[in-house]
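Structure assessment
Spelled out from the first residue to the last, the chains are:
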Amino acid sequence: MARYLSRRIAGMAAVVLAVLTIAFFLVRLAPGDPAALMLGPDASPGEAAELRARLGLDRPIAAQYAAFVGNALRGDLGQSIFFNQPVAQVLASRAEPTALLALFSLVVALLVAVPTGIYAACRRGSWFDQAAVSTAMLAASVPSFWTGLMAQRWLATEYGWFPASGYGGPDSVLLERIGYLILPSLILGVVNSALILRFTRASMLDVLGEDYIRTARAKGMREARVVLRHGLRNAGIPIITVIGLTFALLVSGAVVTERVFNIPGMGNLVVSAVLRRDYPVIQGALIVVAVLYVGINLLTDLLYLLVDKRVRY
Amino acid sequence: MAAGSAWEERGLAAALFSRRSVAVAAVFFLLLTALVALAPWLAPFDPAAMSVRERLSPPGDGFILGADVFGRDVLSRLLHAGRVSLTIGAGVALLSSVSGILIGLLAGFFRRLDAPLSRLIDAMMAFPDILLAISLVAVLGGSLANVIIALSIVYAPRIARVVRASTLVARELPYVEAARALGSSTGYVLLRHVLANILSPIIVQATFIFAYAMLAESGLSFLGVGIDPATPTWGAMINEGRLVIDQAPFLVLFPGLAISLTVLSLQLVGDGLRDALDPRIANQM
């Protein structure tokens, strides 16, 4: 167990280092001088030289890389060109709506997908099963921003059931801000429930064919108890994995959904940073999200140990 | 390992089209490809021709699917935009497969390369696809070729992972060992024996990447960070239409339907291919 943990954490450290390396070299893929690109065509050569010096771009590449990795590991993600503030601070100021949107969407996706997946597996081949599987595939084919725009047009603007866009003023209370996230979370959650539904259904189908399910039924246990107690408990592992995978989908979805509903989160920040060529912000956002993803996947692996006593490393 | 799979006995097409939904999807996709390929001849109007008097005309007589903010014909624009969107999807499927195969074969076959390449693949897959894609386009610039390159970088790790896993298995197969023992060069063994053996999962994965790349491209164009806005794509049409969605929702509705139906048909074909090529996986899903 301790050996497994240390190996797993060493692997995670290697991936984090690779993430930092990719983020470092990404900006250097740019044709020409990154400093000149960031400043735009109107900048004088003097300004470009000054920015190069400030970003350390005039030093040898190995020294730049060492400094970049060292700083990132200490939580220093550099300085935003546009805001003239530390990137970590800029990201933190936009984290709340994105984190809440991703969390609520995950809850919505789980609430939709897990019961549907279980029921579809129990009634394999029925009209309900076929409808659930087809709907899941349809949901995975529709761009979430399109669904979002249509919902915004009809449910918010036309019928006024939800606020159409925004995230409340600077002095709004949390509950008020959450109101703005209801419709975006519903859209993002439903659109991303497809993967969880397929996994839940598939792993329930696997488990329901096992001997101990037949035994449980044979001893006269009620079907609901068989399915939930013996079935779901053992089918839980793949469902936990897929939560980690869904996280990446939700973050991608949040980027465009925030744009649709004009929510001032990290997604909107990154899109603006791309248009402003604020490379340090883009790098910082990539690093934060990727490290979170790696961390969540480590956590889901550890959850295995708690959920399934058979798993031993 | 194709031996015993359904398509060897019945032929791939028969196995693929045994499900009606897959057959319908494949026919739809082929028809769509033909339609957009013939767009210059089929489109009733020049997609760039503006007519201020007819701006926001609803679908009907003059313009079958209506006219946009500049009075341009929506149907003609949809057809021309479809060329760009499908080109991107096909380009990404091809380029990501070729580079993914190369990386995956190297990682799977040469033990010394496995650890660093695998960490790199893991790290690439830790970035959400849209986020990585917009960062790459931001750095490379928004031409058609650069969008294809950026999305191929995003999706190549998925192919590489499948190829690596299959190569690890294929490497230990007796006839691969035999070929090496007989003195075949490493390159020959990789291409002739290993790659030929793992083609099925690659084809399935490439079909899904075709679909994901089209979705991702529409997202990029919607965000305004994709191809330069003068080129019509389905995502860009939605982005233009959203400004007038209250008066003319059809400007958002039609391109969205085009994306959804195309991606859905590709996913159905991918599903069908998976079932036809590899029944073992099919039983699990």
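Note that the structure is predicted; figures quoted are calculated from it, not measured.

1. Considerations on the overall build of chain A
The helix and strand inventory of chain A stands at 14 helices and zero strands. Traced from its N-terminal end to its C-terminal end, chain A shows the element sequence α-α-α-α-α-α-α-α-α-α-α-α-α-α. Oriented by its inertia axes, the alpha-carbon framework of chain A measures out at about 85 × 60 × 35 Å. Across the 313 residues of chain A, 47% fall into the buried class. A sequence separation of at least 24 residues applies to 72% of the contacts in chain A between residues at least 6 apart. Looking at chain A as shown, the accessible area adds up to about 15000 Å², and 64% of this sits on carbon and sulfur atoms. Each charge class in chain A can be summarised by its mean position, and for the 28 positive and 19 negative side chains these summaries are 12 Å apart.

2. Observations concerning the interface of chain A and chain B
On the side of chain B, 44 residues touch chain A, which itself brings 47 residues to the contact. Carbon and sulfur atoms make up 76% of the area that chain A and chain B hide from each other, which totals about 4100 Å². For the chain A face of the interface with chain B, the top three residues by lost area are Met-137, Phe-145 and Trp-146 of chain A, together amounting to 14%. Inspection of the region where chain A meets chain B yields two salt bridges. Taking the shortest distance from any N to any O, the salt bridge between Asp-246 of chain B and Arg-153 of chain A comes out at 3.9 Å. If you look at where chain A meets chain B, you find 10 residue pairs in polar contact (both at pLDDT 80 or more). At the level of elements, helix 1 (2-27), helix 7 (127-139), helix 8 (144-158), helix 10 (193-208), helix 12 (223-260), helix 13 (266-276) and helix 14 (279-307) of chain A are the ones that each hand at least two residues to the side of chain A that touches chain B.

3. Thoughts on the confidence of the model for chain B
Chain-level pLDDT for chain B is 84 on average; 92% of the residues reach the 70-or-more range. Listed scores for the predicted complex are pTM 0.88 and ipTM 0.87.

4. Here we look at a nonpolar patch on the surface
Residue and element names in this part refer to chain B. On the surface, Leu-102, Ile-103, Leu-106, Phe-110 and Leu-113 cluster together into a nonpolar patch covering about 390 Å² of accessible area. Of all the elements, helix 5 (residues 74-109) adds the most residues to the nonpolar patch, at three residues. Among the secondary structure elements, Leu-106 is positioned in helix 5. Under the relative-accessibility criterion, Leu-106 is labelled partly exposed at 32%.

5. Some thoughts on the nonpolar core
Ile-134, Leu-151, Val-194, Leu-223 and Trp-234 of chain B are the most contacted members of the largest nonpolar core, which has 142 residues in total. Among all residues touching Leu-223 of chain B, those that are not within four sequence positions of it are Val-255, Val-256, Arg-259 and Val-271 of chain A together with Ile-130 and Ile-134 of chain B. Judged by nonpolar contacts, the second largest core, of 21 residues, contains Ala-109, Ile-196, Met-204 and Ile-213 of chain A.

6. Regarding the packing of helix 12 of chain A against helix 13 of chain A
Residues and elements named next belong to chain A. Running from amino to carboxyl end, helix 12 crosses helix 13 at an angle of 85°, the nearest separation of the two axes being 7 Å. In terms of axis orientation, helix 12 runs roughly perpendicular to helix 13. Residues Val-255, Glu-258 and Arg-259 of helix 12 lie in contact with helix 13, whose contacting residues are Met-266, Gly-267, Asn-268, Val-271, Ser-272 and Leu-275. Here the residues of the contact of helix 12 with helix 13 sort into four nonpolar, three polar and two charged.

7. Here we look at the side chain of Asp-129 of chain B
Mapping Asp-129 of chain B onto the fold places it in helix 7 (residues 129-140). Although Asp-129 of chain B is buried, it forms no salt bridge, and the closest oppositely charged side chain is Arg-158 of chain B at an N-O distance of 4.1 Å. Within the structure, the side chain of Asp-129 of chain B is placed 2.8 Å from the side chain of Ser-252 of chain A, a separation counted as a polar contact. Of note is the side chain of Asp-129 of chain B, whose polar atom sits 3.0 Å from the side chain of Tyr-155 of chain B. Apart from the residues lying within four places of it in its own chain, the contact partners of Asp-129 of chain B are Ser-252 of chain A together with Val-154, Tyr-155 and Arg-158 of chain B.

8. A few points about the pattern of salt bridges
In total, this model carries 13 salt bridges over all chains according to the counting rule given. Between Asp-301 of chain A and Arg-8 of chain A there is a salt bridge; the shortest N-O distance is 2.8 Å. Of the two residues, Asp-301 of chain A sits in helix 14 while Arg-8 of chain A sits in helix 1, which places them 293 residues apart along the sequence. Note on Asp-301 of chain A: relative accessible area 17%, which makes it buried. Between Glu-172 of chain B and Arg-171 of chain B there is a salt bridge; the shortest N-O distance is 3.3 Å.

9. As for helix 13 (residues 250-277) of chain B
Counted at 1.5 Å a residue, the expected span for helix 13 of chain B with its 28 residues is 40 Å, and the 40 Å between its end C-alpha atoms agrees. The element helix 13 of chain B is largely enclosed, with a buried count of 24 among its 28 residues.

Conventions adopted
Residues numbered from 1 in each chain as written. Chains lettered and ligands numbered in written order. Predicted model: local features only at pLDDT ≥ 70, side-chain atom pairs only at ≥ 80, totals over all residues. Heavy atoms only, no water. Helix = DSSP H or I, 4+ residues; strand = E, 2+ residues; numbered from the N terminus. Buried < 20%, exposed > 50% of the residue type's maximum accessible area, 1.4 Å probe, protein only. Contact = heavy atoms within 4.5 Å. Areas by Shrake-Rupley, 256 points an atom, 1.4 Å probe, with all protein chains shown as cover. Lys, Arg positive; Asp, Glu negative; His and termini not counted. Charge placed at Lys NZ, Arg CZ, Asp CG, Glu CD. Buried area = accessible area lost by both parts, 1.4 Å probe. Salt bridge = Lys/Arg side-chain N within 4 Å of Asp/Glu carboxyl O. Polar contact = N/O pair within 3.5 Å; in protein donor to acceptor, adjacent residues only side chain to side chain. pLDDT = per-residue confidence, 0-100. Patch = residues over 30% accessible without salt bridge, like charges linked within 9 Å, V, L, I, M, F, W, Y side chains within 5 Å. Core = buried A, V, L, I, M, F, W, Y, C linked by side-chain atoms within 4.5 Å. Axes fitted to C-alpha atoms, helices over the stretch in contact; angles between N-to-C directions. Parallel < 35°, antiparallel > 145°, perpendicular 65-115°, else oblique. Nonpolar A, V, L, I, M, F, W, Y, C, P; charged D, E, K, R; others polar. Expected span 1.5 Å × (residues − 1).

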